[in-house]
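# Architecture and fold: a report
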Amino acid sequence: MTIIEYLPGTPFTGRIGKTIEDSEPAWPVPKRAKPGLPNVLFYVLDDIGFGQLEPFGGLIETPALERLANNGLLYANMHTTALCSPTRSCIITGRNHHSNAMGSISEWNTGYPGYNARVPFENGFLSEILKEEGYNTFAIGKWHLCVPTEETPAGPYDTWPLGRGFERFYGFMPGETDQWYPDLIYDNHAVEQPRSPEEGYHFSIDIADKAIEFIGDAHVNAPDKPFFLYFCPGAGHAPHHIFKEWADKYKGKFNMGWDKLREIVFANQKKLGIFPENTELSARDPDVPEWESLSDDGKRLYTRMMEVMAGFVSHADHQFNRVLDFLEEIGELDNTLLMFVSDNGASPEGGAVGSLNEFNFFNFAGESIEENLAMIDKLGSPDTYNHYAWGWAHAGNTPFRRWKKEIYRGGVSDPFLVHWPKGIKASGEMRTQYGHVIDMVPTVLDVLGIEPPETIKGAVQAPIAGVSFAHTFDDAEAETKHHTQYYEIFGGRSIYHDGWRAVCGWPGPDYVTGAERGRKPADPISQKDLYDLDAHEWQLFHVEEDPAETRDLAAEEPQKLKELIDLWWQEADKYNVLPLDGTISQRFATERPTLSGPREQYVFYPGAPVMTLSQPMVYNRSHVITADLHIPEGGAEGVVVSSGSHSGGYTLYLQDGKAHFYYNYLGRKDFKISSDMDVPEGEVTIVYEFEVTGEPDIRNGKGAPGTGKLFINNRQVGAVDMDVTVPLIFSAEGVTCGRDYGDSVDHAAYKPPFRFTGTVKRVTYDLSGHAIEDAEAAMRRAMAKQ
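### Concerning helix α15 (residues 558–574)
- For α15, with 17 residues, the first-to-last C-alpha span of 24 Å sits near the 24 Å given by 1.5 Å per residue.
- A positive backbone phi angle near 70° is found at N576, which sits one or two residues after α15.

### Considerations on the pairing of strand β4 (residues 73–79)
- Counting buried positions along β4 gives seven out of seven residues, so the element sits mostly inside the fold.
- Relative to strand β11 (residues 413–419), β4 is paired through five bridges, and the arrangement is antiparallel. Each residue of the ladder has a partner; that of L74, found in β11, is L417.
- Sheet analysis places β4 next to strand β12 (residues 429–431), joined by three bridges and oriented parallel. Residue pairing in the sheet places L73 in a bridge with E429 of β12.

### A few points about the packing of helix α4 (residues 203–221) against helix α7 (residues 296–329)
- For the pair α4 and α7, interaxial distance at closest approach is 9 Å and the crossing angle is 15°. One way to sum up the angle between α4 and α7 is to call them roughly parallel. In the crossing of α4 with α7, the sense of the turn from one axis to the other is right-handed. Contacts between α4 and α7 involve S204, I205, A208, D209, A211, I212, I215 and G216 on the former and, on the latter, H315, A316, Q319, R322, V323, F326 and L327.
- Taken together, the residues of the contact of α4 with α7 break down into nine nonpolar, four polar and two charged.

### Considering the sheet that holds strand β25 (residues 669–674)
- Strand order in this open sheet of five strands is β25-β24-β23-β22-β29, and the pairing throughout is antiparallel. In this open sheet, the two edge strands, each paired with only one partner strand, are β25 and β29 (735–737). Shown here is a sheet whose adjacent strand axes are inclined to one another by a mean of 10°, direction ignored.
- Pairing geometry for strand β22 (residues 638–645) and strand β23 (residues 648–655), over seven bridges, is antiparallel. Of the residues in β23, the one forming a bridge with S642 is T651.

### Here we look at a negative patch on the surface
- Taken together, the side chains of D474, D475, E477 and E479 present a region of like negative charge at the surface.
- Take E479: it is sitting in the loop between β15 (459–460) and β16 (484–489).

### Quick look at helix α2 (residues 84–93)
- Among the 10 residues that make up α2, 10 are buried, leaving the element largely enclosed by the rest of the structure.
- Listed in full, the buried residues belonging to α2 are C84, S85, P86, T87, R88, S89, C90, I91, I92 and T93.
- Just beyond α2, the residue with positive phi is G94, at close to 80°.

### So, the pattern of salt bridges
- Enumeration over the complete set of coordinates arrives at 44 salt bridges.
- With a shortest N-O distance of 3.1 Å, E128 and R164 are connected by a salt bridge. Separated by 36 residues along the polypeptide, E128 in helix α3 (residues 126–132) and R164 in the loop between β5 (136–142) and β6 (168–172) bring together distant segments of the chain. Of the two residues, E128 and R164, both sit in the buried class.
- Overlapping salt bridges, with partners in common, bring together D46, R88, K142 and D343 in one network.

### What to know about the nonpolar core
- Ranked by internal contacts, the top residues of the largest apolar core, which has 87 residues, are L229, F231, W258, Y302, F320 and W392.
- The element best represented in this core is α7, accounting for 15 residues.
- Not counting residues within four places of it along the chain, the set of residues in contact with L229 comprises V40, L41, F42, F138, I140, A211 and I215.

### Regarding the state of the cysteines
- Using the criterion set out here, one finds zero disulfides in the structure.
- Between C90, a cysteine without a disulfide, and C84, which holds the nearest cysteine sulfur, the sulfur-to-sulfur distance is 12 Å.
- For C90, a relative accessible area of 0% translates into the label buried.

The rules behind the values
- Residues numbered from 1 in each chain as written.
- Predicted model: local features only at pLDDT ≥ 70, side-chain atom pairs only at ≥ 80, totals over all residues.
- Heavy atoms only, no water.
- Helix = DSSP H or I, 4+ residues; strand = E, 2+ residues; numbered from the N terminus.
- Expected span 1.5 Å × (residues − 1).
- Buried < 20%, exposed > 50% of the residue type's maximum accessible area, 1.4 Å probe, protein only.
- Pairing = 2+ DSSP bridges.
- Axes fitted to C-alpha atoms, helices over the stretch in contact; angles between N-to-C directions.
- Parallel < 35°, antiparallel > 145°, perpendicular 65-115°, else oblique.
- Left-handed = near helix turned anticlockwise from the far one by under 90°.
- Contact = heavy atoms within 4.5 Å.
- Nonpolar A, V, L, I, M, F, W, Y, C, P; charged D, E, K, R; others polar.
- Patch = residues over 30% accessible without salt bridge, like charges linked within 9 Å, V, L, I, M, F, W, Y side chains within 5 Å.
- Areas by Shrake-Rupley, 256 points an atom, 1.4 Å probe, with all protein chains shown as cover.
- Salt bridge = Lys/Arg side-chain N within 4 Å of Asp/Glu carboxyl O.
- Lys, Arg positive; Asp, Glu negative; His and termini not counted.
- Charge placed at Lys NZ, Arg CZ, Asp CG, Glu CD.
- Core = buried A, V, L, I, M, F, W, Y, C linked by side-chain atoms within 4.5 Å.
- Disulfide = S-S within 2.5 Å.

The following block contains the structure:
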């Protein structure tokens, strides 16, 4: 018997008579993919420089990538935007980052069309296209494509993975997360990790398990249905969290230091044919100290930081290899069009001396060798939130200048490979055609024979900006189809056109080679100044002959430079780039609209965590936290409310009969109030109030000082003077009520989640400052009655 089918939403194709005897049934069935179409897999690593991985001449061992490279194609001239969210938006849409409203990372969005972090629906995701073409669609790992104030259980969910064409999601929403205690989202809701670090948990293991599970579940039920997997580990973004044995695999392998490492990697790259023999290596960056000038302690510390980072990346590669093994086991590996890329160059966010806590960087709080050396044996463990010194980032981007967040090639040139044995005859070869990650989507559509849809869910689609490079798969000599590409990040500008590159760092070369780069906020610059800078601060490189941008030809080729500057402004106008803005970390403090509008009061109940940029912004302001509790007979213990992690934050908890408020200043200094009385049974109100007593010094990493006081049922039970507070952001973890979600704020006192064993009826935040006076008046009234 033939089963008649038709697509949902189209006319019924059967026949309806008076009875079923003179009728013919037909069934609405979703579109099936054409037989034989390949699966599609995008594998996106984080903050990995061009010269860090073994297939590209680096010393970090990546057997999974070697496996793919040996049977695939390495692309030596692929480019990104120099930053996470912007690049990821390009990868998944085929449009430029400002067209996607992702001119910066989503957490640093601003109120302009190119920067508001809401990817327009007219820029459809590849997941949305392939889902309608009969593919399963899975996203695993880092998302970082959502409006930050909408990463809450209140939604809206239309910028979450399941709102943009993915059927399943498991990972984290913001730019980074603790790899031992991640902020996990499963589909559209927060979940707790399945086990603890002591039980062997690590995020890289967890997401490989989930990728295998998602693919396997679909394959069992529909073995001929292809899938699209968007697989994005946290590695190698900070924190560089890894088991000690994986870091120890690299013992001594980086003892030569970052200067010698650049030479070794560059020589390897020439041997591999990535660069011609006459290519020059860019000079050591003036922000990076000469390795031989360092003390023995400094060398020992920095070497261990690199060992930890390398172990982190190798471990992630090992887990991805399990995914490849599973694809091979079910017979799908050779017919999977796999593209691997890093989202930007290696990161300098550890600063000159590296970091035990990356949130020092975001709060402008410097670190010292002495501080970090004291924790050298803890690097990579749950007790740190570590990042390596930026000398390793410079070496990781060999042979290029600079690094992540900047528009020299060290920020925007990244490792890339393609693997598809069933569809590509060539293997183990190199390709040198110019490309950009906006070319990934059009290449996939070209291979699959799918025309970009005119509409997706009613939204008329904007043109795809990228071009296909599928014609290079079996033709190493094919000409590139990508001739022009602009770049802009934090006011830094550059443009590529047919082998030439014009570059203007923000606000020029003197700035990007300054010792304070990445540590001090840059001031916005006027439009008039921008045009003045065009005349004086642009550099010109013929990258077809000078890939590492070592020879500035601006003085020799003024007409060529002018042509490229004019072209940049044309592209900027075309793709929503303006207005330029050089501010960076201070965007954390930007006032943004929320679903409920501006407010000074928040009420929380036990439930899902609230993400860090959606929580009450208690920084540098007087505030009151009021917890209404029921304490059962025999007492209670556990966390009432917490925000942050061991990297910084605060927690209100009950333990040993007492109430405790603990404030963690970036893991460097703590302030604690423990009640001088036991918490009574029954209905109890505990109040913490903080009153600002001075001005913040944000440029030096110091939030407003103040006095914290703790009250139980209107009686003051403790106080503490706080000479410093966190100025801008605690950590990647936000507020949780009734437990400490993820990592604990007070490592010495409890292990997470330390659930509250009484009843948290509500926790109220008042940020107006008025409640402090009210609390004092209530206390005076209570004392007058005694």
